[in-house]
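Take a look at the letters that make up each chain.
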Amino acid sequence: MPAIDPRIDAYIGAAPPFAQPILHHIRAVIHQACPQVEETIKWSRPHFQYKGMLCQMSAFKAHCALGFWKGKLLFPDSPQEGMGHFGRITAITDLPSEEALGDIIRQAMKFNDEAEKAPARDRPAARALVVPEAMQTALAANAQAQASFDKGSASFKREYVDWVAGARTEATRARRLQQAVEWLAEGKARNWKYEK
């Protein structure tokens, strides 16, 4: 007998009427392909676990989604749309056949059995820190401020640079630059008022 989480029954019951048969179908195929699966709710959505996270399903106003935790391994050439790997599911026919979906689930189980790690997300390269010329000049005129700025972390520096460069008017920019140099000379971070 499969382990059923009543919270998932409640989730399906609260889903839009079109979504309920889709969610019941997905759940049944998961249990058929992976009898040892454990159900749970994470991030307010039904999740299925087998030696770690396996997959999750969701219902929205006009579609459902089914996503696999190691989807990049299962679908390496397919961009994930939203939360799912099968696009916007509006009917059971939008899903692969029961046999094909079962094969995908068994492949996901195999990845978990082998403790296969999903590839890391591609992260955008950090943007280069460009210190405005006026700020460079002001810092150079105050050795303590320059030393404090130089020894600060990248985020420490970026907070000051973004604050000064983000001013809309020249008057505001000049006022912020003066304040930044004063705070840096005292060794303070940009948001020092909120530090404990």
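Please read these numbers as outputs of a predicted model, since none were measured by experiment.

Chemist: Quick question: what am I supposed to make of the overall build of the protein chain here?
Modeler: Scanning the protein chain from terminus to terminus reveals 8 helices and 4 strands. Secondary structure elements in the protein chain, listed N-terminal to C-terminal, are α-α-β-β-β-β-α-α-α-α-α-α. A compact globule built from 196 residues should have a C-alpha radius of gyration of about 16 Å, whereas the protein chain, at 26 Å, is more than 25% larger. Each of the three principal axes of the protein chain carries a C-alpha extent, and together these read 75 × 40 × 35 Å. Here the protein chain holds 196 residues, and 40% of them are scored as buried. Intrachain contacts of the protein chain at a sequence separation of at least 6 include 56% that bridge at least 24 residues. Here the protein chain displays about 11900 Å² of accessible surface, and carbon together with sulfur accounts for 53% of that area. Of the charged side chains in the protein chain, 26 are positive and 22 negative, and the gap between their average positions amounts to 8 Å.

Chemist: Just to check I follow, could you spell out the packing of aromatic side chains for this structure?
Modeler: Pairs of aromatic rings are described using the distance from one ring centre to the other and the angle between the two planes. Per the counting criterion, the structure on display carries 7 aromatic pairs. Where Phe 75 meets Phe 86, the ring centres are 5.6 Å apart and the plane angle is 80 degrees; that geometry is what we call edge-to-face. Of the two residues, Phe 75 is situated in the loop between helix H3 (71–74) and helix H4 (98–113) and Phe 86 in the loop between H3 and H4; the sequence distance between them amounts to 11 residues. By the burial criterion, Phe 75 is buried, and Phe 86 matches it. Three or more aromatic residues joined by ring pairs make a cluster, and in this case those are Phe 68, Phe 75 and Phe 86. Its end group placed over the ring of Trp 163, Arg 190 keeps NZ or CZ at 4.1 Å from the ring centre.

Chemist: Honestly, the packing of helix H7 (residues 154–165) against helix H8 (residues 170–185) in this entry has me stumped. Any pointers?
Modeler: Two numbers describe a pair of packed helices, the interaxial angle and the distance between the axes. Contact pair H7 / H8: the axes reach a minimum separation of 8 Å and the direction vectors enclose 155 degrees. In this view, H7 runs roughly antiparallel relative to H8, as classed from their interaxial angle. Side by side, H7 and H8 meet where Phe 156, Tyr 160, Trp 163, Val 164 and Ala 165 of the first sit next to Arg 173, Arg 176, Leu 177, Gln 179, Ala 180, Trp 183 and Leu 184 of the second. Its residues placed into classes, the contact of H7 with H8 shows 9 nonpolar, 1 polar and 2 charged.

Chemist: What exactly am I supposed to notice about helix H1 (residues 6–14) here?
Modeler: Helical periodicity: at 3.6 residues per turn, an α-helix aligns residues three or four positions apart in one direction. When H1 is considered as a whole, its buried residues turn out to be Ile 8, Tyr 11 and Ile 12. Along H1, the residues classed as buried sweep out an arc of 95 degrees about the axis, all on the same side. Residues Pro 6, Gly 13 and Ala 14 are exposed on H1 and point more than 90 degrees away from its buried face. Looking at the packing, one finds that the buried side of H1 touches helix H2 (19–33), strand E1 (38–42), strand E2 (45–49) and strand E3 (53–59).

Chemist: Would you mind showing me how to read the nonpolar core here?
Modeler: Burial of nonpolar side chains together is a common tendency in soluble globular proteins. Grouped together as the largest cluster of nonpolar side chains are 33 residues, with contacts concentrated most on Leu 23, Leu 54, Met 57, Leu 66, Phe 68, Phe 86 and Ile 105. A total of 7 residues in this core trace back to one element, the largest contributor, which is H2. Membership of the second largest hydrophobic core comes to 16 residues, among which are Met 135, Ala 145, Phe 156 and Leu 184.

Chemist: Please clarify how the side chain of Arg 27 should be interpreted in this entry.
Modeler: Relative to the elements of secondary structure, Arg 27 occurs in helix H2. Looking at Arg 27, the relative accessible area reads 6%, which means it is buried. Setting aside its immediate chain neighbours within four residues, Arg 27 contacts Ile 4, Asp 5, Ile 8, Asp 9, Ile 12, Glu 39, Phe 48 and Met 57.

Chemist: Honestly, the sheet that holds E3 in this entry has me stumped. Any pointers?
Modeler: Paired through backbone hydrogen bonds, the strands of a sheet run either parallel or antiparallel to each other. Pairing in this open sheet of 4 strands is antiparallel, and the strands run E1-E2-E3-E4 from one edge to the other. Both outer strands of the open sheet, E1 and strand E4 (64–68), are each paired with one neighbouring strand and no more. Averaged over all pairs of adjacent strands, the angle between strand axes in this sheet comes to 25 degrees, irrespective of strand direction. By the bridge criterion, 3 bridges tie E2 to E3 in an arrangement that is antiparallel. Of the residues in E3, the one forming a bridge with Phe 48 is Cys 55. Each of E1, E2, E3 and E4 touches H2; the most contacted strand, E3, lies at about 170 degrees to it.

Thresholds applied
- Residues numbered from 1 in each chain as written.
- Predicted model: local features only at pLDDT ≥ 70, side-chain atom pairs only at ≥ 80, totals over all residues.
- Heavy atoms only, no water.
- Helix = DSSP H or I, 4+ residues; strand = E, 2+ residues; numbered from the N terminus.
- Rg over C-alpha atoms; globule rule 2.2 N^0.38 Å.
- Buried < 20%, exposed > 50% of the residue type's maximum accessible area, 1.4 Å probe, protein only.
- Contact = heavy atoms within 4.5 Å.
- Areas by Shrake-Rupley, 256 points an atom, 1.4 Å probe, with all protein chains shown as cover.
- Lys, Arg positive; Asp, Glu negative; His and termini not counted.
- Charge placed at Lys NZ, Arg CZ, Asp CG, Glu CD.
- Phe/Tyr/Trp six-rings, centres within 6.5 Å; stacked < 30°, edge-to-face > 60°.
- Lys NZ or Arg CZ within 6 Å of the ring centre and 35° of its normal.
- Axes fitted to C-alpha atoms, helices over the stretch in contact; angles between N-to-C directions.
- Parallel < 35°, antiparallel > 145°, perpendicular 65-115°, else oblique.
- Nonpolar A, V, L, I, M, F, W, Y, C, P; charged D, E, K, R; others polar.
- Arc of directions from axis to C-beta.
- Core = buried A, V, L, I, M, F, W, Y, C linked by side-chain atoms within 4.5 Å.
- Pairing = 2+ DSSP bridges.

Structural measurements only, silent on function.
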